Amino acid sequence: MYQYNAEDSNFLVERVDQFEKQLKRHLAGELDDAKFRSLRLRNGLYMELHAHMLRVAIPYGTLSSPQLRSLANVADKYDRGFGHFTTRQNIQFNWIELPEIANLLRELSDEGLHAIQTSGKATRNITADPLSGLTEGEIEDARPYCELIRRWFNLHPEFSWLPGKFKIAINGAKLDETALRIHDLGLRLVRNSKGQLGFSVFVGGGLGAAAMIAAETASFIEVEDILSYLESTMRIYNLKGRRDHQKKLRIKFLVRELGAEEFSRLVDEDWQQTKNDSKLKLNLVELEQLKKDFSLPIKPIDLGGFEEKVDFNYSIWKNNNVRSHKVDGFSIVNISLTKLGAAPGDATSEQMRILADLSEKYSAGELRTTKRQTIVFPYVRKDQVFNLWQSLEKYDLAIPHQGTLAQIVACPGRDYCDLAKAVSIPIATRVQERFNDMKKLLDIGNLNINISGCENSCAHHHVADIGLLGMQKNGEEYYQITLAGETLYETVIGKKLGPSVSGENIVDAVETVVNVYLEHRQNQERFTEVFKRIGITPFKEKVYE
Amino acid sequence: MSEILQIESILNKEYESVDLVSFQEWLENIDKLSNLSVGVIIGPSDDVSLIKGHFDFIELIALDFNNFDDGRGYSQAYLLSKRWQFSGEIIGINAHLDQLQFMIRSGVTSYILLDSYIGLNEEDYANGFSICYQEAVNNSGLQQKY
């Protein structure tokens, strides 16, 4: 498993030292609130409703067991025993005391963890398919590319003060688990007609009040040219992006205003000046080393005589939470952190330590995090899946609802976030209570519900089968419903169903939507397939009748 | 690459006896000012490409970094120094201590801090790291690792 070397670790410590000096100056009144805000955000630190929140990066969603234990220690020592796994491969701690931040970050840096650029108007944590390297048909494992690009834009002198935040996702797999076209910039690994490896580049995606799907600005950029192309994209954004309107800061507004074609032309014009600069070429020697560092720690095994255990509950869990691995003899196991009454994505320090221990026993000490706020064990021997399930059962971590609507994605909402307009977690709990019947959940099958507490759309409600957006109406909490968004097979922004629904009635409305789906479903059609076939009207008629 | 200079003040609009004019003033009086070898103050929203054909007549360029969150000056510095090879001084004016590392590495060759930073140790902020992860106009003594 890839780990930072001594130079990288030292860099993390130097960054903490620098931030600690800035914090001291701020506390001494030598650095004003506005500048300190800008600096603390670039170190992952937010001021939330009740306390400071720290967002720690989990680069490309890959964690080692010691790293997870380190996060558990932080949860105990500096938080209230919890961590919140986010939709973008980060973990957040919601109860941080400002004077303790430097010590906290130093402890994390011991395990190669950091909060650099997890917030602020700079390149954020670069996300990858959480199943990178594990599935059939993948062009390449995206993580070595994520790491090289992450490094390049780490405290980049020219692009650390952009008009708005800049989120990048990279996908090398057939299906898009990264939702790359709702990112500011998405890279898809592709091969051209000559078999050369490169990237298709998509720019200007994003959710929020104006949800947009990224436009393709280049169909094929050779691997070694990607840094110069990205620099040109950011240079055009840095110089021409909107800075005059708080709600139009993201690159998607620039792409929309210029038009994707003109934006691409400007990028290309700039890129022609730098594409042959040898100093901007991706370091292919380092890339090869990283590919070795990220190579799978398993070899195919022959489990000839192996027979799967027969157990009703195990079968349900396995059917939903376990998927096939490209390496013979292994499975990929998904562990849900969403359960009744708990905030989606929340894990206690005890759960983190249990997962760290189990990952060492069953998954080569490696874990992945996903945009559905789940934990993946990437290397479980097929003949050990049952044993793992038994252990998970013991610790109440074998919730068998992966992929079902009970596995809701929700932001912290108004319970924790000072931007939120409405609560998210209590709505998630009420929906789960309404569907708290495994037979019913299995009958409904794959269906996702995402709940965002405000237009910032941290829970990606636009791209869920059923999306709920919290808002205020006459001092009361209401929820706008969007239907049939998706990113896995293609990228589609969900359609607004109609007028928002009160918090009191929203769970009834969700149930009605599900019932309309079941009523019209043919064979094993997915929600989006039914929606495409019958349109929005049957849903609208039932919800607003 | 020029040494990093520290200039006490340009409030009197003089720098080694060079007159400084605003970008707008310079654009409106190109013919007249071209004979005087003036320095030009460029703000974040100014289109720096408009002066690239006139470098022979410009003694120095002052980029205004007063707005802490406005990062256009870094791209302006890069374009002037690296791409268009402006050989005169590129001064970062109204500079912030915490952004020196970004300014210098983007191509600024000297700077004038805002008054509020006087008395603080600039070295801590200009050279807080031992490595950097990317090619830059001036790596400022950092070992490059990527």
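As the structure is a prediction and not an experimental result, all values here were calculated from the model.

Calculation notes
- Residues numbered from 1 in each chain as written.
- Chains lettered and ligands numbered in written order.
- Predicted model: local features only at pLDDT ≥ 70, side-chain atom pairs only at ≥ 80, totals over all residues.
- Heavy atoms only, no water.
- Helix = DSSP H or I, 4+ residues; strand = E, 2+ residues; numbered from the N terminus.
- Buried < 20%, exposed > 50% of the residue type's maximum accessible area, 1.4 Å probe, protein only.
- Contact = heavy atoms within 4.5 Å.
- Areas by Shrake-Rupley, 256 points an atom, 1.4 Å probe, with all protein chains shown as cover.
- Rg over C-alpha atoms; globule rule 2.2 N^0.38 Å.
- Expected span 1.5 Å × (residues − 1).
- Core = buried A, V, L, I, M, F, W, Y, C linked by side-chain atoms within 4.5 Å.
- Axes fitted to C-alpha atoms, helices over the stretch in contact; angles between N-to-C directions.
- Parallel < 35°, antiparallel > 145°, perpendicular 65-115°, else oblique.
- Left-handed = near helix turned anticlockwise from the far one by under 90°.
- Nonpolar A, V, L, I, M, F, W, Y, C, P; charged D, E, K, R; others polar.
- Disulfide = S-S within 2.5 Å.
- pLDDT = per-residue confidence, 0-100.
- Salt bridge = Lys/Arg side-chain N within 4 Å of Asp/Glu carboxyl O.
- Buried area = accessible area lost by both parts, 1.4 Å probe.
- 1 Å grid on protein atoms, 1.4 Å probe; cavity = no way out; pocket = protein on both sides within 12 Å on 5 of 7 lines; lining within 4 Å.
- Points joined across faces, edges and corners; volume = space filled by probe spheres on them.

Draft legend 1. Quick look at the overall build of chain B. Helix and strand counts for chain B stand at 5 helices and 9 strands. Listing the helices and strands of chain B from first to last along the sequence gives β-β-β-α-α-β-β-α-β-α-β-α-β-β. In chain B, buried positions account for 55% of the 146 residues. Sequence-distant contacts, at least 24 apart, represent 51% of the contacts inside chain B between residues at least 6 apart. With the model as given, the accessible surface of chain B reaches about 6,500 Å², and the carbon-plus-sulfur share is 43%.

Draft legend 2. Region of the structure containing the overall build of chain A. When helices and strands are counted, chain A shows 17 helices and 21 strands. Its C-alpha atoms give chain A a radius of gyration of 23 Å, within 12% of the compact-globule value 24 Å for 545 residues. Its C-alpha atoms give chain A principal-axis dimensions of about 60 × 60 × 60 Å. Going through the 545 residues of chain A one by one, you find that 63% of them count as buried.

Draft legend 3. Spatial organisation of helix H15 (residues 506–520) of chain A. The terminal C-alpha atoms of H15 of chain A lie 21 Å apart, and with 15 residues this matches the ideal 21 Å at 1.5 Å per residue to within 8%. Among the residues making up H15 of chain A, those that are buried are Ile506, Val507, Ala509, Val510, Glu511, Val513, Val514, Val516 and Tyr517 of chain A.

Draft legend 4. Molecular detail of the nonpolar core. In this structure, Leu71, Ile170, Ile226, Leu355 and Phe377 of chain A together with Leu80 of chain B are the most contacted members of the largest nonpolar core, which totals 143 residues. Take this core: its biggest share by element is 7 residues, from helix H6 (residues 226–240) of chain A. Filtering out sequence-adjacent residues up to four positions away, Ile226 of chain A remains in contact with Ile149, Leu187, Phe199, Val201, Ile221 and Leu282 of chain A.

Draft legend 5. Local environment of the environment of Ser219 of chain A. Residues and elements named next belong to chain A. With respect to the helices and strands, the residue Ser219 is situated in strand E10 (residues 215–222). Taking the C-alpha atoms as reference points, Ser219 and Val190, 29 residues apart in sequence, are found 8.9 Å from one another. Residues contacting Ser219, with those up to four places away along its chain left out, are Val190, Phe199 and Ser200.

Draft legend 6. Expanded view of the packing of H6 of chain A against helix H8 (residues 260–271) of chain A. All names here are of chain A. H8 packs onto H6 with a crossing angle of 120° between their chain directions and a minimal axis gap of 8 Å. Taken as axis vectors, H6 and H8 run oblique relative to one another. With respect to the hand of their crossing, H6 and H8 are arranged in right-handed fashion. Each of Ser228, Tyr229, Ser232, Thr233, Arg235, Ile236 and Lys240 in H6 lies in contact with H8, whose residues at this interface are Phe263, Leu266, Val267, Asp270 and Trp271. Classifying every residue of the contact of H6 with H8 gives 6 nonpolar, 3 polar and 3 charged.

Draft legend 7. Molecular detail of helix H11 (residues 349–362) of chain A. Residue and element names in this part refer to chain A. Helix length check: H11 (14 residues) gives 20 Å between terminal C-alpha atoms against 20 Å at 1.5 Å per residue, within 8%. Taken together, the buried positions of H11 are occupied by Ser349, Gln351, Met352, Ile354, Leu355, Ala356, Leu358, Ser359 and Tyr362. Two residues or fewer past H11, Ala364 is found with a positive phi of approximately 55°.

Draft legend 8. Structural view of the state of the cysteines. Across all of its chains, the model carries 0 disulfides over all chains by this definition. Take Cys417 of chain A: it sits in no disulfide, and the sulfur closest to it among the cysteines is that of Cys454 of chain A, at 6.0 Å.

Draft legend 9. Region of the structure containing the confidence of the model for chain B. All names here are of chain B. Averaged over all residues, the pLDDT of chain B is 84; the fraction at 70 or higher stands at 85%. Element-level pLDDT for chain B is lowest in strand E1 (residues 5–6), with a mean of 44, against a maximum mean of 98 in helix H3 (residues 72–83). Across residues 1–14 the pLDDT falls below 50, and counting only partners more than four positions away or on other chains, this stretch makes 31 contacts in the model.

Draft legend 10. Just the pattern of salt bridges, in detail. Residue and element names in this part refer to chain A. In this structure the tally under the stated criterion is 40 salt bridges over all chains. Between Glu147 and Arg151 there is a salt bridge, with the nearest N and O atoms lying 3.0 Å from each other. Of this pair, Glu147 and Arg151 both sit in helix H5 (residues 143–152), 4 residues apart, which is roughly one turn of that helix. For the pair shown, Glu147 and Arg151 are each scored as buried. Note that Arg381 is salt-bridged to Asp383, the shortest N-O span being 2.8 Å. Arg381 gets classed as partly exposed once you look at its relative accessible area, which sits at 29%.

Draft legend 11. Examining the environment of Gln402 of chain A more closely. Residues and elements named next belong to chain A. By secondary structure assignment, the location of Gln402 is in the loop between helix H12 (385–394) and strand E16 (409–410). Along the chain, Gln402 and Leu254 lie 148 residues apart, while their C-alpha atoms are 38 Å from each other. Setting aside chain neighbours within four positions, we find Gln402 in contact with Asn320, Asn321, Asn334, Thr374 and Gln407.

Draft legend 12. Geometry of the interface of chain B and chain A. The interface is formed by 35 residues belonging to chain B together with 42 residues belonging to chain A. Counting each side, the surface lost to burial between chain B and chain A is near 3,600 Å², with a carbon and sulfur contribution of 55%. At the junction of chain B with chain A, the criterion picks out 3 salt bridges. Taking the shortest distance from any N to any O, the salt bridge between Asp70 of chain B and Arg243 of chain A comes out at 3.5 Å. Contributions of two or more residues to the side of chain B that touches chain A are made by H3, helix H4 (100–106) and helix H5 (122–126) of chain B. Sort the elements by how many residues they give to the side of chain B that touches chain A and H3 of chain B lands first, with 8 residues. Among the residues making up the side of chain B that touches chain A, the classes are represented as 14 nonpolar, 11 polar and 10 charged.

Draft legend 13. Just the layout of surface pockets, in detail. All names here are of chain A. The calculated volume of the second largest pocket comes to roughly 1,200 Å³. As for the second largest pocket, its lining consists of 47 residues, of which Gly403, Asn446, Leu447, Asn448 and Leu488 are closest to the centre. The set of elements that each furnish at least two residues to the lining of the second largest pocket consists of helix H10 (312–321), strand E11 (322–324), strand E15 (374–381), helix H14 (438–444) and helix H16 (527–534). With 5 residues, the top contributor of residues to the lining of the second largest pocket is H10. Class assignment for the residues of the lining of the second largest pocket results in 17 nonpolar, 19 polar and 11 charged.

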